Structures are given as structure tokens and as C-alpha cells.
Amino acid sequence: MSVIIFNSCKSTQVESSGVIAKNPVIAHRGAWKAENLPQNSIASLKHAIALGCAGSEFDVRMTADHVLVVNHDPDYKGLVIEDHTFSELAKHNLSNGESVPTLKEYLLAGMENNPNTGLVCEIKPSKTKGRNVLMAENVMALVGELKAERYMSYYISFSYEILEKIIEINPYAKTQFLDGSMSPEALKKSGISGLDYAANVFRKNPEWIKRAKEHHLKLNVWTVNKEKDMDWFLNYGFDYITTDEPELLFERIKNSKFEKTDKK
Ligand code: MG
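Residues numbered from 1 in each chain as written. Predicted model: local features only at pLDDT ≥ 70, side-chain atom pairs only at ≥ 80, totals over all residues. Heavy atoms only, no water.

### So, the overall build of the protein
Short version of the rule: Every helix listed is a DSSP run of H or I at least four residues long, and every strand listed is a run of E at least two residues long, numbered separately from the N terminus. Only C-alpha atoms enter the radius of gyration; for comparison, a globular chain is expected to reach 2.2 Å times N to the power 0.38, where N is the number of residues. The contact criterion used is simple: two residues touch if any of their non-hydrogen atoms lie within 4.5 Å. With residues, only the protein chains shown are counted as cover, and all accessible areas are computed by Shrake-Rupley using a 1.4 Å probe. When charges are counted, Lys and Arg are positive and Asp and Glu negative, with His and the chain ends excluded. To locate a charge, take atom NZ for lysine, CZ for arginine, CG for aspartate or CD for glutamate.
When helices and strands are tallied, the protein shows 10 helices and 11 strands. Taken against the 2.2 N^0.38 rule, which gives 18 Å for 264 residues, the C-alpha radius of gyration of the protein at 18 Å falls within 12% of a compact globule. Overall, the C-alpha framework of the protein stretches about 50 × 40 × 40 Å when taken along its three principal axes. Here the contacts in the protein between residues at least 6 apart in sequence split such that 56% fall between residues at least 24 apart. Of the roughly 12200 Å² that the protein leaves accessible, carbon and sulfur atoms contribute 52%. Side-chain charges in the protein split into 33 positive and 35 negative, and the spacing between the mean points of these groups amounts to 5 Å.

### Details of the pattern of salt bridges
Two side chains of opposite charge can pair, provided their charged atoms sit close to one another. Basically, it comes down to this: A pair is scored as a salt bridge if a Lys or Arg side-chain nitrogen falls within 4 Å of a carboxyl oxygen belonging to Asp or Glu. Only protein chains enter the calculation, and the probe is 1.4 Å; a residue is then buried if its accessible area is under 20% of its type maximum, exposed if over 50%, and partly exposed in between.
On inspection of all chains with the given rule, the structure shows 17 salt bridges. Salt-bridge contacts for E82 lead to R131; the nearest nitrogen and oxygen are separated by 3.4 Å. With a gap of 49 residues between them, E82 in the loop between β5 (79–80) and α2 (86–89) and R131 in helix α4 (residues 131–146) connect regions that are remote in the sequence. Looking at E82, the relative accessible area reads 26%, which means it is partly exposed. Each of the salt bridges in this network shares a partner with another, and the network as a whole consists of R29, D59, E122 and K124.

### Let's talk about the layout of surface pockets
Condition: Cavity and pocket criteria rest on a 1 Å grid covering protein atoms alone: a 1.4 Å probe that fits but cannot get out defines a cavity, protein on both sides within 12 Å along at least 5 of 7 lines defines an open pocket, and an atom within 4 Å of a point defines a lining residue. Grid points are joined across faces, edges and corners, and a volume is the space filled by probe spheres set on the points.
Counted as a void, the second largest pocket has a volume near 220 Å³. Lining the second largest pocket are R29, P38, Q39, N40, N71, H72, D73, D75, Y76, K77, L94 and S95.

### Some remarks on the coordination of the magnesium ion
Selection criterion: Atoms are scored as donors when they are N, O or S and lie within 2.8 Å of the metal, with 3.2 Å used for Na, K and Ca; no water is included, so coordination may look incomplete.
Looking at the magnesium ion, one finds its protein donor set to be E57 (OE), D59 (OD) and E122 (OE), positioned 2.0 to 2.1 Å from the metal centre. The sequence pattern describing where the donors of the magnesium ion fall on their chain is E-x1-D-x62-E. Taken together, the residues span a long stretch of sequence, with E57 in strand β2 (residues 55–62) and E122 in strand β6 (residues 118–123) at a distance of 65 residues. The burial state of E57 is the same as that of E122; both residues are buried.

### Focus: the nonpolar core
Spelled out, the test is: Residues grouped as a nonpolar core are buried Ala, Val, Leu, Ile, Met, Phe, Trp, Tyr and Cys residues, joined through side-chain atoms within 4.5 Å.
Membership of the largest hydrophobic core comes to 31 residues, with the highest contact counts inside it found for Y197 and F202. Those elements that place two or more of their residues in this core are β1 (25–27), α5 (160–169), β9 (194–198), α7 (199–204), α8 (207–214), β10 (218–222), α9 (227–235) and α10 (246–255). Beyond its immediate sequence surroundings of up to four residues, Y197 is in contact with F177, L178, D179, G180, S181, M182, L187, F202, W208, N220, V221 and W222. Counting 28 residues, the second-largest nonpolar core is a separate cluster that includes I49, M62, V143 and A173.

### Looking at the pairing of β2
Side chains on a regular strand alternate between the two faces of the sheet. Test applied: One bridge is not enough; two strands pair if DSSP finds at least two bridges between them.
Counting buried residues along β2, 8 of its 8 residues qualify, which places the element largely inside the surrounding structure. Burial of β2 is two-sided: the residues G55, E57, D59 and R61 facing one way and the residues S56, F58, V60 and M62 facing the other way are all buried. Relative to β2, β1 runs parallel, the two being bridged by 2 bridges. The residue of β2 that forms the bridge with A27 is S56. Examined bridge by bridge, β2 and β6 share 6 bridges and lie parallel to one another. Looking at β6, one finds that D59 is bridged to E122. Sheet topology places β2 next to strand β3 (residues 68–70); 3 bridges connect them, and they run antiparallel. When the sheet's bridge partners are listed, R61 is paired in β3 with V69. In this antiparallel pair of consecutive strands, β2 and β3, the connection spans 5 residues, and H66 shows a positive phi of 65°.

Below you can see the structure in the form of C-alpha cells.
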């Protein structure tokens, strides 16, 4: 799922994916906070879809027996994910009673009754040699197997190696780099589609915002939860704002002068 080229109504100009909501709201680990849902749960993804967020972000890791699961931390219920099998993890449920979601279950849930929320797939790097490439390969193979491409708005990672592999597998895949170390020009040169940097990186390097726009790179920022910070990034015309408070961000957009326009 990606962006309709503005100034055009032709469906042929919709990139390889479906229609994405025209707002900058990316729910960080799903829309969990206001509803007191577990982060990265299928319930939080469903809520982000119900809110009409442009994107719902989630974190992917891989178990010792190579099952891709959705969880933020390296460990789940005290078990280091990389060192345990899926069946060991699956003995423990999330706080809302859901079982720990596999990526397959998560993608299938995201493909169901989802008119316009893109899936923002963060692949967490591993310290084990070879594992980053294997994870990227396995994620892309699963997306292909499920025919989920049109729902995948962005692949994001702190690992350049992971993004590089994704682009190698599918040059049409949209990617955003999370580690604030690369300039817009370096990202452009690498074929990465955008910057998804911590808020302080943009505050320290505001010129990167302008340069990213000049290079037609997507601008995304994490994790913006306060009204005044939301306003700052809305004012700069960010394509996306990643937040734990999607409801609040929708309010800021609605009640402010920062209505997103189609100007490019
Ligand atoms: Mg994440």
C-alpha cells in the first residue's frame, strides 16, 4: 500500500499497492495506548485500522526455529526470542489473552477488512551473523506467499543491511531508515525511500527536512506523543508522524491549521 501520485486521478498511477489513507498518522506498535491494549497485538492493529490511520507499525523478530513473530523487545515474557522456539514462547499469552502473534497471523489480520491502513513493518536487527539477511529473506518470502505486497506500505529498520536486502529482493518495496545517521543524499543514493528518524535528529538537522523533500524522500518521525511536538512536525509538512497517541494526532490535525494538503 503506498501513495497515490498526487494531481492525478488515474488508477494506473497508484503504485503497486492499494489506497492509503490521506493522513500522516502512523500508529506506533498499533493503536494500543488509549484502549489499553497490548503493544504489537492484533487488537492494536485492528484498532489502528478502525481509526483510519495511514499506517500501523509493528516489530518483527525471529525465534530460534525461524518463526517470525511480532514483538518489540528482544525478549518475550522473560524468554529471549532468538534463543527460544516458537512453541516455548506460545505457552504465554499477551495481556489481552491473544497468543503471541506470528508475522503470518499479523499480516493476515492486516489484510482483512482493511480499506486504507498501510502495514509498516519494522525488522529488528540481530547481532548474530547472517541473521539479518535471513530475516529479510523470510519476511519477503512470507509477504509474497500471502500476496500481501499491496498492504505493505513500508519496511523500516535500524539495519542498513536489512533494508539493502529488501530492496535487492524487491526493488519496488518502499523502505525507511530508522537510524538517524544517514543524510538524505546518502539515502537517496542507496535507493531507500525515506527517513524515519527520531524527533531530536530532525530538530538538530532541520535542513535535512528540506533536503529530503528536494530528493522526494518520505519524511517520517518517531515517536511524537505531545501536542506541541505534533504541531511542530505537522507545520513542517511531514508525510508521516509515528505516535503512541493516534487519536490525539487526529485531533491536532482536525483542530489546527495544519490540514494536510496535496501540495508536493
Ligand atoms: Mg518499532
